[in-house]
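Listed below, chain by chain, are the residues.
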Amino acid sequence: LLQTSLNHHPHKILTFAKILLHMSTFEQFNLPKSLQKAIDELGLTTPTPIQEKSFSVIMSGRDVMGIAQTGTGKTYAYLLPILKQWKFIATDTPRVLILVPTRELVVQVAAEVEKLTKYMSVRTLGVYGGVNINTQKTAIYQGIDVLVGTPGRVMDLALDNVIRFDSMQKLIIDEFDEILNLGFRFQVTSILTMLKNKKQNILFSATMTDDVDEILEEYFEFPEEISLAQSGTPLEKIEQWHYKVPNFLTKVNLILELLKDEKLERVLLFVNNKKTADLLADKIDEVYPDQFGVIHSNKSQNYRLQTMTSFQEGTIRGIVTTDVMARGLDISDISHVINVEFTDIPEKYIHRIGRTGRADKSGIAISLIAPHEEEIMIEAEMLMEKELTLVDFPEEVEVADRLLEFEKDKKKFKFLMKKPKLEGGASHHEKKEKNKKVNLGGPSKTKKKTGSSVNRNILKNRAAKRHKKK
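Attention here is on the structure that accompanies the text. This one's a predicted model, so the numbers in the text were calculated from it and none came from an experiment.

### Regarding the packing of helix H6 (residues 103-116) against helix H14 (residues 301-313)
Alright, step 1. The contact between H6 and H14 brings their axes to 10 Å, and the two run at 60°. In this view, H6 runs oblique relative to H14, as classed from their interaxial angle. Taken as a pair, H6 and H14 cross one another with a handedness that is right-handed. In contact with Arg103, Glu104 and Val107 of H6, H14 contributes Gln301, Arg304, Leu305 and Met308.
Alright, step 2. Grouping the constituent residues of the contact of H6 with H14 by class yields three nonpolar, one polar and three charged.

### Comments concerning the pairing of strand E6 (residues 200-205)
Alright, step 1. Extensive coverage of E6 is indicated by the burial of six of its six residues.
Alright, step 2. Burial along E6 is two-sided: the residues Gln200, Ile202 and Phe204 and Asn201, Leu203 and Ser205 are all buried.

### Regarding helix H4 (residues 49-59)
Since one α-helical turn is 3.6 residues long, residues separated by three or four positions face the same way.
Alright, step 1. Of the residues making up H4, those classed as buried are Ile50, Gln51, Ser54, Phe55, Val57 and Ile58.
Alright, step 2. Considering only its buried residues, H4 is in contact with strand E1 (64-67), helix H5 (74-84), E6 and strand E7 (224-227).
Alright, step 3. Count one or two residues on from H4 and you reach Gly61, which has phi positive near 90°.

### Things to note about the nonpolar core
Alright, step 1. Core analysis: the biggest nonpolar cluster contains 37 residues, and Tyr78, Leu80 and Ile98 have the highest contact counts within it.
Alright, step 2. Among the secondary structure elements, those contributing two or more residues to this core are helix H3 (33-41), H4, H5, strand E2 (96-99), H6, strand E4 (146-149) and E6.
Alright, step 3. Ranked by residue count, the leading element in this core is H5, at seven residues.
Alright, step 4. When residues no more than four places from it in sequence are discounted, the contact partners of Tyr78 are Ile58, Ile98, Val109, Ile172, Asp174, Ile202 and Phe204.
Alright, step 5. Formed by 34 residues, the second largest nonpolar core is a distinct cluster that contains Phe248, Val252, Ala281 and Tyr288.

### Quick notes on the sheet that holds strand E13 (residues 363-369)
Alright, step 1. Spatially, seven strands are ordered E10-E11-E9-E12-E13-E8-E14 in an open sheet, and the strand pairing comes out parallel. Single-partner strands in this sheet number two, and they are strand E10 (292-295) and strand E14 (389-390).
Alright, step 2. Across four bridges, strand E9 (residues 267-270) lies against strand E11 (residues 318-321) in parallel orientation. Bridging from a neighbouring strand, Leu269 pairs with Val320 of E11.
Alright, step 3. With respect to the sheet, helix H12 (residues 248-258) is in contact with strand E8 (238-244), E9, strand E12 (336-339) and E13, its orientation differing from that of E13 by roughly 155°.
Alright, step 4. Lying on the sheet, helix H15 (residues 346-353) is in contact with E8, E9, E12 and E13; it crosses E12 at an angle near 150°.

### Some remarks on the packing of aromatic side chains
Alright, step 1. Here the structure, examined in full by the defined rule, presents five aromatic pairs.
Alright, step 2. Joined through ring pairs, the aromatic side chains of Phe26, Phe29 and Phe55 make up one cluster.
Alright, step 3. Taking NZ or CZ as reference, Arg95 lies 3.9 Å from the ring centre of Trp86, over its face.
Alright, step 4. Over the ring of Phe311 we find Arg266, and its NZ or CZ is 4.4 Å from the ring centre.

### As for a negative patch on the surface
Alright, step 1. Taken together, the side chains of Asp210, Asp213, Glu217, Glu218 and Glu225 define an acidic patch exposed on the protein surface.
Alright, step 2. Take the negative patch: its biggest share by element is four residues, from helix H11 (residues 210-219).
Alright, step 3. Tracing the backbone shows Glu218 in helix H11.
Alright, step 4. The exposure class of Glu218 is exposed, given its relative accessible area of 59%.

### A word on the pattern of salt bridges
Alright, step 1. Per the stated rule, a full pass over the model turns up 16 salt bridges.
Alright, step 2. A salt bridge links Arg123 to Asp92, with the nearest nitrogen and oxygen atoms 3.0 Å apart. Residue Arg123 is located in the loop between H6 and strand E3 (124-127), and its partner Asp92 is located in the loop between H5 and E2; the two are separated by 31 residues in the primary sequence.
Alright, step 3. Judged by its relative accessible area of 46%, Asp92 is partly exposed.
Alright, step 4. When the shortest N-O distance is used, the salt bridge between Glu214 and Arg185 registers 3.0 Å. Separated by 29 residues along the polypeptide, Glu214 in helix H11 and Arg185 in helix H10 (residues 185-194) bring together distant segments of the chain.
Alright, step 5. Overall, the relative accessible area of 41% leaves Glu214 in the partly exposed class.
Alright, step 6. A residue is classified by how much of its surface remains accessible, and Arg185, at 30% relative accessible area, is partly exposed.

Conventions and cut-offs
- Residues numbered from 1 in each chain as written.
- Predicted model: local features only at pLDDT ≥ 70, side-chain atom pairs only at ≥ 80, totals over all residues.
- Heavy atoms only, no water.
- Axes fitted to C-alpha atoms, helices over the stretch in contact; angles between N-to-C directions.
- Helix = DSSP H or I, 4+ residues; strand = E, 2+ residues; numbered from the N terminus.
- Parallel < 35°, antiparallel > 145°, perpendicular 65-115°, else oblique.
- Left-handed = near helix turned anticlockwise from the far one by under 90°.
- Contact = heavy atoms within 4.5 Å.
- Nonpolar A, V, L, I, M, F, W, Y, C, P; charged D, E, K, R; others polar.
- Buried < 20%, exposed > 50% of the residue type's maximum accessible area, 1.4 Å probe, protein only.
- Core = buried A, V, L, I, M, F, W, Y, C linked by side-chain atoms within 4.5 Å.
- Pairing = 2+ DSSP bridges.
- Phe/Tyr/Trp six-rings, centres within 6.5 Å; stacked < 30°, edge-to-face > 60°.
- Lys NZ or Arg CZ within 6 Å of the ring centre and 35° of its normal.
- Patch = residues over 30% accessible without salt bridge, like charges linked within 9 Å, V, L, I, M, F, W, Y side chains within 5 Å.
- Areas by Shrake-Rupley, 256 points an atom, 1.4 Å probe, with all protein chains shown as cover.
- Salt bridge = Lys/Arg side-chain N within 4 Å of Asp/Glu carboxyl O.
- Lys, Arg positive; Asp, Glu negative; His and termini not counted.
- Charge placed at Lys NZ, Arg CZ, Asp CG, Glu CD.

This is the structure in C-alpha cells:
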C-alpha cells in the first residue's frame, strides 16, 4: 500500500512519513546530542504517555503533581526535561534531589540517571539507610550534582550539615503515597522546610490521598496536575483469580502445589510482614531448594540487591517479599504475582499485581483469601470496578486444622474453619486421579460464585460505606 501511494504522490507521502516518524520518537523533545545518544544506545524509541504529557509542563518550571500508576515510565518523565535544561554550574552541592521510598528504588533511579548522563558531566550519588553513613559522607564531600535518597537518610545527612541545599534547583518526590505509607511524612516535611522556596517541586504519586493533598497545599505553589489514569483503574492485561483458603498453613500447602506447574516460571509471592516472609520462604525451600529468594527490610542491602540480580538474570525462579517490592522496581517478564496474604490497603493490591503484565505483556495475579481477608478483597474489587475470578480449591491439597499464633487474633477465623467442599462429596484424603493436577491455564470452568451470596453482599455493603467515607 505504501509503495503504491509513493508511486502516485511521492512527495506528500514522504513528508507525512517524516512527520509521523518525528512525532513517535524522542526526537520530538529536541534533546541535546549527548542525551539523545544515551537514549539511542538504550534502544528507546517511543516515549510513554506520561513522558509526553509531563515534558513541556516540567520544562516550564512550574510545580508539578503527577498521578500515574507504577510502571508507566515516570522516572524518565522527570529526568528527561531536567537533563535537557542541564547547564554547568561551579558547585559541589546537589542541584537535584530525588526522594524515593526504598533502598532498591534509590539504586535503580541512580542507575537510570547514570545511564542517561553517560555523555554528560553529571555526578550522581544514591544514599539510603542500612549502610555505613560515613562512606556516604565522604562521597558527598567529593561533590555531587544529583542526589537520590530515602527521606530518612537524606534528613540524617542534612541534620549533620553534610548535605547543603544552597544550589538546589529541583526537588522530585517519587512514589509519594508509598513514602507516606512507610511513615516518612515527618522526614519529607522537614526536608521541604529546609529547602529554599525558589525551586521547582515535582511530585509523582500513584494515588491521590488527603495526606498528599495536605502536603501539596502547604509546600507547593499552584501545581500543574498531570493525570495519566484515574487512581485504581483495572489492569487489563492481568488475569486476576482467587482461592478461598481457611488458614495460613493451608495457603503454604496450596503454594507448594501451584509451584509444581512450570508455567509459574518468574513469580513474586507477597506477604504482609517479615516474619511470615521468612516462614513461607523456609517452607518453599524445603520442597524447591535454592529456587526462591526472600526480600524484606531486615535483609542486608547487599543480600537484597544480589537476590534481585539473581531473579532478573533467571538464576532463581521467584522471590518471597513484603510490600517493599510492590512499587517502582523495574523487573521484567514476571509471569505471576501471588498474594499469599492480601494487602491491608486496596490500592496496594493494584501496585502488587502491577509487577506483572508490564511492557505490553500479559500476566496472572493469584490471591489466597482467608475469611478475614474477604472484606478487603471486595474493597479492592470496588476500587478497580472488577471482580476477582473464584477458582475451585484443588482436591489434592491438604487442608490444615492448626492456626498460627498471628491468626488466632483474627476473630473471623472461628466462623470458617470448615474444609473446602469438594466435588462429589469426596473427602480431601480421597484423591481422584483426574484431579491430581492443578490447571493454571485459566480459571476453572465450573460455576463460580458471582458475589450474589448474602455474606458477600453484607461485606460489599460494609465496604461501600467505608469507601464512601474515604
